[in-house]
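Residue-level structure breakdown
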Amino acid sequence: MKKSKLSIKKLILMAICILIPLLSGYFIATYAYNRYQPYYFSEYMDLVEEDTEAKLEAYLDYYTYSYDKIPYYEQDVMKDDVKALTFRIYRAILTSQKLDNEQEFYTSYDLTYIFVIFDINYEKLIEIQDPTGETELHYNTIPTIYIRLEDTEYPTTYNDTLTMSIPQDIVLIQDYNSSPEEDSRGKEMNSRYLKWVEKQINVNYSDSIEVEVFMTDSLTEEEATYHSTILTVTKNDFYQASSQLDFSAYTRGAESDLAAAGYLAHVIKTKIWWQSLIAIVLMGLISFSFYVVWNAEEAQNTQKKESKK
């Protein structure tokens, strides 16, 4: 009877000694999963090859609900037979939660136009800004690029001006093919990033819109000393709502959701497996040592009791 009780006690202790390392591995895995979430986007982008178009596509994959991989519009802007920049417009779908007439929330699939500029030759950009050649390229006075949208049917009523910057004002996508590396004074050109701006078109616009890409030193006409047009294009199918087109064939994106963007597989592969393994091994050694010592003490106690008989 005593042996039976001892055997049950051993089994319980053995189970506890096995469970403790497994639980420690689980807790470390949970901690690591939560800890590294804020760093995943940078790691996600770093895994993409160092190519502007590849980085752009990876970001579209991450950011949008879905998007058309084929640009809605694309043009290489030339200056004296040399490419000054590449301009693209993408159609994408972003989702948002809105209230219907019954005050119930529903998911709205919002057609979004994304304007991007990359492969920028800043010397040619300055030449477009000032054809006289008097203005020199300075790293800290790069002209701001704007997008003007104007309804060709109601130009004075429906128009918008957008400022090109970096995605979400925080995402830096290196413009790898931009040039030059130094300005006219030998200073490093340290802001060579892809330019981006996005817009959901007012439903009151018509489908015919003129897009102007331009540079100026002031959007106030009276204060501006120059207004240099980079390109102008008119599109007759500039739709405002996702219901006006079929986006079922668009490439599905993660919509900034870490799980959809592959975070779990990434963090297991790079962080969780070895951190949990270390925790399991260390706690396993401690638990095993405790079990061995307990067994030895039990054996000694048993021998002492038998010798007294």
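One structure accompanies this document, and this report is about it. Here the structure is a predicted model, which means the values were calculated and not measured. (Residues numbered from 1 in each chain as written. Predicted model: local features only at pLDDT ≥ 70, side-chain atom pairs only at ≥ 80, totals over all residues. Heavy atoms only, no water.)

Scanning the protein from N- to C-terminus turns up five helices and 10 strands. Relative to the 2.2 N^0.38 estimate, which gives 19 Å for 309 residues, the radius of gyration of the protein is 31 Å and therefore markedly larger than a compact globule would have. C-alpha atoms of the protein, sized along the principal axes, occupy 110 × 60 × 35 Å. A burial count over the protein gives 39% of its 309 residues as buried. In the protein, of all internal contacts separated by at least 6 residues, the share reaching a separation of at least 24 is 69%. Carbon and sulfur atoms provide 52% of the accessible area of the protein, an area that totals close to 18300 Å². Of the side-chain charges in the protein, 28 are positive and 48 negative, and the distance between the mean point of each set is 25 Å. (Helix = DSSP H or I, 4+ residues; strand = E, 2+ residues; numbered from the N terminus. Rg over C-alpha atoms; globule rule 2.2 N^0.38 Å. Buried < 20%, exposed > 50% of the residue type's maximum accessible area, 1.4 Å probe, protein only. Contact = heavy atoms within 4.5 Å. Areas by Shrake-Rupley, 256 points an atom, 1.4 Å probe, with all protein chains shown as cover. Lys, Arg positive; Asp, Glu negative; His and termini not counted. Charge placed at Lys NZ, Arg CZ, Asp CG, Glu CD.)

What follows concerns the pattern of salt bridges. Tallied over the full model, the rule gives 11 salt bridges. In this structure, the salt-bridge partner of glutamate 53 is arginine 88, at a minimum N-O distance of 2.7 Å. Placement of the pair is glutamate 53 in helix 3 (residues 52-63) and arginine 88 in strand 3 (residues 82-99), with a sequence separation of 35 residues. With relative accessibility at 8%, the residue arginine 88 sits in the buried group. One salt bridge in this structure joins aspartate 110 and lysine 98, with 3.3 Å as the shortest N-O distance. Taken together, the positions of aspartate 110 in strand 4 (residues 105-118) and lysine 98 in strand 3 put the pair 12 residues apart, joining distant regions of the chain. Given a relative accessible area of 34%, lysine 98 falls into the partly exposed group. Connected through salt bridges with shared partners, the residues Arg148, Glu150, Glu210 and Glu212 form a single ionic network. (Salt bridge = Lys/Arg side-chain N within 4 Å of Asp/Glu carboxyl O.)

Looking now at the nonpolar core. Phe87, Phe115, Ile147, Val211 and Ile230 are the most contacted members of the largest nonpolar core, which has 39 residues in total. Broken down by secondary-structure element, the contributors of at least two residues to this core are strand 2 (73-79), strand 3, strand 4, helix 4 (122-129), strand 5 (145-151), strand 8 (209-216) and strand 9 (227-235). The element best represented in this core is strand 3, accounting for five residues. Those residues in contact with isoleucine 230, other than ones at most four positions away along the chain, are Val77, Leu85, Leu125, Ile128, Ile145, Val213, Phe214 and Met215. By size, the runner-up hydrophobic cluster in this structure holds 31 residues, among which are Ala29, Tyr36, Val116 and Val171. (Core = buried A, V, L, I, M, F, W, Y, C linked by side-chain atoms within 4.5 Å.)

The next subject is the sheet that holds strand 5. The strands that make up a sheet are held in pairs by hydrogen bonds between backbone atoms, and each pair lies either parallel or antiparallel. One open sheet holds the four strands; their spatial order is 6-5-8-9, and the pairing between them is antiparallel. Edge positions in the sheet fall to strand 6 (159-163) and strand 9, since each of these pairs with one other strand and no more. This sheet shows a mean twist of 20 degrees between the axes of neighbouring strands, independent of strand direction. Looking at chain direction, strand 8 and strand 9 are connected through eight bridges and run antiparallel. From the neighbouring strand, isoleucine 209 faces strand 9, where its bridge partner is lysine 235. Helix-sheet contacts for helix 4 involve strand 5, strand 8 and strand 9, and the interaxial angle to strand 9 is about 95 degrees. (Pairing = 2+ DSSP bridges. Axes fitted to C-alpha atoms, helices over the stretch in contact; angles between N-to-C directions.)

This next bit is on helix 3. Counted at 1.5 Å a residue, the expected span for helix 3 with its 12 residues is 16 Å, and the 16 Å between its end C-alpha atoms agrees. Buried residues dominate helix 3, accounting for nine of its 12 residues. Those residues of helix 3 lying buried are Thr52, Ala54, Lys55, Leu56, Ala58, Tyr59, Leu60, Tyr62 and Tyr63. Capping the start of helix 3 is the job of one residue whose side-chain oxygen sits 3.2 Å from the backbone nitrogen of glutamate 53: aspartate 51. (Expected span 1.5 Å × (residues − 1). Polar contact = N/O pair within 3.5 Å; in protein donor to acceptor, adjacent residues only side chain to side chain.)

Counting through the fold element by element, lysine 271 comes out in helix 5 (residues 263-308). Classification of lysine 271 as buried rests on a relative accessible area of 16%. A polar atom in the side chain of lysine 271 sits 3.4 Å from the side chain of glutamate 43. Ignoring sequence-local partners within four residues, the contact set of lysine 271 consists of Tyr36 and Glu43.

We now examine unusual backbone geometry. With an omega dihedral of -10 degrees, the bond running from serine 179 to proline 180 counts as a cis peptide bond. As for its placement among the helices and strands, proline 180 is situated in the loop between strand 6 and strand 7 (195-199). Positive phi values are uncommon outside glycine, yet aspartate 81 reaches one of about 65 degrees. Take aspartate 81: it is sitting in the loop between strand 2 and strand 3. The exposure class of aspartate 81 is exposed, given its relative accessible area of 75%.

Looking now at the packing of aromatic side chains. Under the counting rule described, the total for this entry stands at 23 aromatic pairs. Plain terms: the ring middles of tyrosine 63 and tryptophan 196 are 6.2 Å apart, the flat faces sit at 70 degrees to each other, and that makes the pair edge-to-face. Of this pair, tyrosine 63 sits in helix 3 while tryptophan 196 sits in strand 7, and the two are 133 residues apart along the sequence. Across the pair, tryptophan 196 and tyrosine 63 agree in class, each one buried. Relative to phenylalanine 238, the ring of tyrosine 113 lies with its centre 4.1 Å away and its plane at 20 degrees, an arrangement referred to as stacked. (Phe/Tyr/Trp six-rings, centres within 6.5 Å; stacked < 30°, edge-to-face > 60°.)

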